[in-house]
Amino acid sequence: MLIVSVDTSGRQGSIALCRGDGDSFEVLQLTSLEGGTYSAQLLPRIAETLQQNSLNKAEVDGFVVVSGPGSFTGLRVGLSTVKGLCEVLRKPLATVSMLEALVLTHGRAGESAIAVLDAGRGEIYVGEYRLGFGRATLVREYIARLDEFAAQPPAVSGNLLTVDEKVAEGLHAANRHVILVAPVDAGEIGHIGIRKLLTGDTADPATIDVNYIRRSDAELFSTAKKTQC
């Protein structure tokens, strides 16, 4: 199976062209994307990646995209672009949570793990998972204040994982053990996504939406104005 994997969830993104099946997986090409210009870069970089590997879009068997949490604009650009490609080319789509990706990449099968990402303003995104072989079962995901999370144990016991140094420092200051791990790129997202595609764990491009976990500022301000009226 040949897939294109996309991550535009953070300040830096990436695209990966991957090939694999139930027994093997390889990243044919990994391309970095500069944050802030995803809308201008994404489609041209996908086309360029295929061309450099002497492939055309019709040969792609499926697409994988990070659905959240992360940058509101980046996630929207990534998902809408991939949804459009899937609808036009009639290809299957698999979505991957970045929290899920962290525990699958850095956690241990048969154990539980908690992924934590910086959400800004003193808040964090939290995903609690139980890990099987090649898949993660979500216990719950939520947004919390870093200081409140540090003071209360999560619902599952397991390693705390984060890619954010400030989050790690805050948890260490509260005497919480946390493992600082390497960021996950589109190649690793592709490895998770291809398993989903092969097992039929796909999303409907017509109805799938970004998993922000919390509402955007525009929605919050709009709600506040309506409440005041």
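First things first, this report covers the structure right here in the doc. For clarity, every value in this text was computed on a predicted model and none was experimentally measured. (Residues numbered from 1 in each chain as written. Predicted model: local features only at pLDDT ≥ 70, side-chain atom pairs only at ≥ 80, totals over all residues. Heavy atoms only, no water.)

## Let's talk about the overall build of the protein chain
Here comes step 1: A count of helical and extended segments in the protein chain gives seven helices and ten strands.
Here comes step 2: Taken over C-alpha atoms, the radius of gyration comes to 18 Å for the protein chain, in line with the 17 Å a tight globule of 229 residues would show.
Here comes step 3: Taking all 229 residues of the protein chain together, the buried fraction comes to 46%.
Here comes step 4: Once local pairs closer than 6 in sequence are excluded, the contacts in the protein chain between residues at least 24 apart make up 61%.
Here comes step 5: Counting every atom, the protein chain has about 11,600 Å² of accessible surface; 49% of that belongs to carbon and sulfur.
Here comes step 6: Positive and negative side-chain charges in the protein chain, numbering 22 and 27 respectively, have mean positions lying 5 Å apart. (Helix = DSSP H or I, 4+ residues; strand = E, 2+ residues; numbered from the N terminus. Rg over C-alpha atoms; globule rule 2.2 N^0.38 Å. Buried < 20%, exposed > 50% of the residue type's maximum accessible area, 1.4 Å probe, protein only. Contact = heavy atoms within 4.5 Å. Areas by Shrake-Rupley, 256 points an atom, 1.4 Å probe, with all protein chains shown as cover. Lys, Arg positive; Asp, Glu negative; His and termini not counted. Charge placed at Lys NZ, Arg CZ, Asp CG, Glu CD.)

## Regarding the side chain of threonine 95
Here comes step 1: Assignment of secondary structure puts threonine 95 in strand E5 (residues 93-97).
Here comes step 2: In this structure threonine 95 touches Val65, Ser67, Lys196, Ala203 and Ile208, once residues within four positions along its chain are discounted.

## Observations concerning unusual backbone geometry
Here comes step 1: Cis geometry marks the peptide bond from glycine 68 to proline 69; its omega dihedral reads -15°.
Here comes step 2: Despite not being glycine, serine 54 shows a phi value in the positive range, around 55°.
Here comes step 3: Turning to its location among the elements, serine 54 is positioned in the loop between helix H1 (38-52) and strand E4 (62-68).
Here comes step 4: In this structure serine 54 comes out as exposed when scored by relative accessible area, which is 66%.
Here comes step 5: You will see that arginine 121, though not glycine, has its phi angle at about 55°, which is positive.
Here comes step 6: Along the chain, arginine 121 falls in the loop between strand E6 (112-120) and strand E7 (123-131).

## Points about the packing of aromatic side chains
Here comes step 1: All chains considered together, the criterion is met by one aromatic pair.
Here comes step 2: Geometrically, the ring pair formed by phenylalanine 72 and tyrosine 212 is edge-to-face, given 4.9 Å between the ring centres and 75° between the ring planes. Residue phenylalanine 72 is found in helix H2 (residues 72-89), and its partner tyrosine 212 is found in the loop between helix H6 (186-199) and helix H7 (217-228); the two are separated by 140 residues along the sequence.
Here comes step 3: On the basis of relative accessibility, which here comes to 15%, the residue tyrosine 212 falls in the buried class. (Phe/Tyr/Trp six-rings, centres within 6.5 Å; stacked < 30°, edge-to-face > 60°.)

## Some thoughts on helix H5 (residues 165-173)
Here comes step 1: Within H5, burial applies to Val167, Ala168 and Leu171. One side of H5 holds all its buried residues, which, seen down the axis, span an arc of 100°. In H5, the exposed positions that point more than 90 degrees away from the buried face belong to Glu165, Lys166, Glu169 and Ala173.
Here comes step 2: Against the buried residues of H5 lie E6, E7, helix H4 (146-151), strand E9 (159-162) and strand E10 (179-180).
Here comes step 3: At the C-terminal side of H5, asparagine 175 shows a positive phi close to 65°. (Arc of directions from axis to C-beta.)

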